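# Working through the structure, step by step
Chain by chain, the residues run as shown.
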Amino acid sequence: MLEVETVVAPARPPRAPRARRRAGALPLLLLAPATAVVAAVIGWPLVQLALLSFQEFGRAQVFGQPAEWVWLDNYIAVLGDGVFWAVLWRTVAFAAVCVVSTMLLGIGLALLMQRLPKPFRILMSVGLLLAWAMPALTATIVWGWMFDTDYGVVNGMLRDVLGLADFDRRSWLIDPLGFFTVATIVIVWGAVPFVAFMVFAGLTQVPEEQMEAAALDGAGPVKRFSAIVLPQLAPILVIATILQLIWDLRVFTQIFALQDIGGIRAETSTLGVYIYQTAISGGDFGTGGALAMITMLVIMLIAFPLMRRMLRSES
Amino acid sequence: MRRSPRRRIATALWCAVAVFVFVCSTFPVYWMIKTSLTPNNEVRSRDLELWPANLTLRNYETVLFDPGRTPFLPALSMSLVVTLATVLIAAVLAFFAAVAISRFRFRSRTGFIVAVIAIQMLPLEAMMVSLYRVLDSWQLLNTAMALILVYVATVLPFTIWTLRGFVDGVPIELEEAAMIDGCSRVGAFFRVTFPLLAPGLVATGVFAFIQAWNEFLIALIVNTRPDLMTLPVWLRTFLTLNGTTNWAAIMAGSTLMAIPVVIFFLIIQGRMATGMAAGAVKG
């Protein structure tokens with residue numbers, strides 16, 4: 001035994017045990033500050049939210065009355081309410097339209113950028129950059145103004161340039177379909193640049209030799225795209241889709257601001273706005289809590305399959 | 001390479017599409033600026049005028065100095081303080097965490113990675129009810145500190161994830177070589193790896209900046225005092241004024257709010273696009 005030990009020892013890096021012990025404490029120390037902040041500001045409120053959703057918690061409780069445990073009553077009330085289901089389906093359908101249009105347009109523009117001579121590529125990136133840099137609230141207000149019933153440039157152009165008399169004094173925001181058309185434009189306009197830039201950057205990493213080799217082997221553009229480019233892009237596409245999905249399912253600012261400008265709240269609220277109305281404006285924190293928990297669950301359920309893909313590529 | 005005429009036509013077509021995309025993406029920005037420079041009474045005209053006839057700075061004067069409105073400058077400084085503090089703190093914390101999960105293998109590592117991804121899926125908007133009450137119990141309502149804390153916590157998962165990709169991208173052999181040359185472990189990291197992380201830090205900083213600068217809902221709920229408004233909340237106060245909306249002034253306010261972000265973006269754009277993709281690919 002002793003002999004073996006002496007023979008093996010020199011082969012090991014001499015300071016390995018010490019280094020490993022140091023590694024044991026160091027990474028945890030490095031993680032501690034970030035973990036502490038996230039735990040305090042996201043973790044703790046999350047626990048509170050879960051508790052709150054099982055309580056009767058209204059204005060009286062805000063002012064000090066003890067909250068009563070009602071367990072599943074809030075959930076039963078929410079799930080039994082037709083308004084909730086209408087809001088839920090509206091939110092999911094709206095997010096689906098936004099995510100699909102954003103991804104398709106983003107990928108399309110990235111492919112376009114790849115084919116452009118440099119000056120035009122720069123021109124296009126500057127344009128996309130400007131759209132991307134606009135704060136969501138500012139963008140919503142500007143688009144709302146452009147769709148203004150009387151003085152909006154959109155109605156003006158449809159009327160004067162395209163000669164469509166129907167669009168004279170058209171009130172876009174009053175009817176829900178028009179409202180969500182405008183909302184989709186605002187959101188997709190703001191989100192496409194992010195996807196386009198990410199996909200374009202991914203495209204630049206596709207090895208050129210592989211593409212040339214495939215072309216020599218007789219693979220057409222479609223085949224080359226699906227066999228070489230797509231697999232290379234997959235991680236980026238998955239991440240971009242997850243992010244878009246999360247952002248669009250929990251959309252708040254754009255909807256809230258458009259309602260300020262002229263939408264009918266009851267017919268155009270999404271889950272985020274609905275929670276705000278119930279909890280903050282309505283003062284019913286218990287029901288708001290249940291709504292919030294359900295919203296989180298919905299988002300996780302929808303994003304889960306994509307998440308699993310991402311985790312698989314991680315390991 | 002020789003180019004066939006068909007290929008040249010195709011390229012010309014793509015260029016035309018690019019110009020169209022440029023016009024579409026910048027038109028709202030143009031229209032905002034144009035409206036902000038138009039006299040208020042001319043904004044309400046049903047004639048379609050694509051170019052401003054009489055330029056005026058009057059709307060900016062209204063927004064900046066009209067005593068009847070919440071002033072712009074306090075909101076600007078509040079936004080600047082909150083945003084810069086968020087960027088700095090988030091960058092430092094994310095940097096530590098990214099190094100930990102990229103350079104070390106330890107027992108809770110996988111758990112931490114899963115947690116980081118899961119937290120990104122939590123809609124903070126869904127948590128505002130309890131967030132409000134927790135901040136209240138810490139007596140942080142109506143403080144800049146509350147916003148900084150919340151924004152740091154919200155951007156951390158994404159920034160850790162992105163930075164981790166960048167640290168992964170620097171081969172550990174480089175550090176080992178420096179250690180053989182006599183550097184300590186920490187010294188090797190800071191002399192060799194850290195400088196190569198600059199694009200990653202820029203990318204994460206940009207992300208944190210945009211999030212904090214544009215965040216609206218939390219700022220609306222947490223700070224109710226007029227002197228503590230951030231720019232998005234300040235801007236919204238114009239919308240809810242009674243009577244006829246002064247669109248020209250709102251557009252001037254919108255322009256003022258967008259200018260810092262646009263400048264910031266234009267300065268760093270080149271680095272950012274490549275940076276984000278590198279993070280995403282490695283992730």
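Whatever comes next refers back to the structure up there.
Here's a quick rundown of the structure. (Residues numbered from 1 in each chain as written. Chains lettered and ligands numbered in written order. Predicted model: local features only at pLDDT ≥ 70, side-chain atom pairs only at ≥ 80, totals over all residues. Heavy atoms only, no water.)

### Some remarks on the overall build of chain A
- The number of helices and strands found in chain A is 15 helices and 2 strands.
- A principal-axis box enclosing the C-alpha atoms of chain A has dimensions of 95 × 70 × 30 Å.
- With 315 residues in all, chain A has 49% of them scored as buried.
- Sequence-distant contacts, at least 24 apart, represent 66% of the contacts inside chain A between residues at least 6 apart.
- Surface summary for chain A: the accessible area is close to 15100 Å², and the carbon and sulfur share equals 67%.
- Here chain A holds 21 positive side-chain charges and 21 negative ones, and the gap between their average locations is 13 Å. (Helix = DSSP H or I, 4+ residues; strand = E, 2+ residues; numbered from the N terminus. Buried < 20%, exposed > 50% of the residue type's maximum accessible area, 1.4 Å probe, protein only. Contact = heavy atoms within 4.5 Å. Areas by Shrake-Rupley, 256 points an atom, 1.4 Å probe, with all protein chains shown as cover. Lys, Arg positive; Asp, Glu negative; His and termini not counted. Charge placed at Lys NZ, Arg CZ, Asp CG, Glu CD.)

### Concerning empty space enclosed by the protein
- As enumerated under the stated definition, the model contains 5 cavities of 30 Å³ or more in all.
- Each pocket or cavity is described by its volume, and for the largest cavity that value is around 1200 Å³.
- Considering the residues around the largest cavity, the lining is formed by 46 residues, among which Ala136, Trp247 and Arg250 of chain A together with Glu125 and Gln211 of chain B are closest to the centre.
- Split by residue class, the lining of the largest cavity holds 34 nonpolar, 8 polar and 4 charged. (1 Å grid on protein atoms, 1.4 Å probe; cavity = no way out; pocket = protein on both sides within 12 Å on 5 of 7 lines; lining within 4 Å. Points joined across faces, edges and corners; volume = space filled by probe spheres on them. Nonpolar A, V, L, I, M, F, W, Y, C, P; charged D, E, K, R; others polar.)

### Some points on the layout of surface pockets
- Reported here for the largest pocket is a volume of approximately 1200 Å³.
- What lines the largest pocket is a set of 24 residues, among which Gln114, Arg115, Glu208 and Met211 of chain A together with Arg7 of chain B lie closest to the centre.
- Where the lining of the largest pocket is concerned, the elements lending two or more residues are helix 5 (82–115), helix 9 (176–203), helix 10 (208–216) and helix 11 (221–249) of chain A together with helix 1 (5–36) of chain B.
- At 5 residues, the largest contribution of residues to the lining of the largest pocket is made by helix 11 of chain A.

Everything listed is a geometric property; what it means functionally is a separate question.
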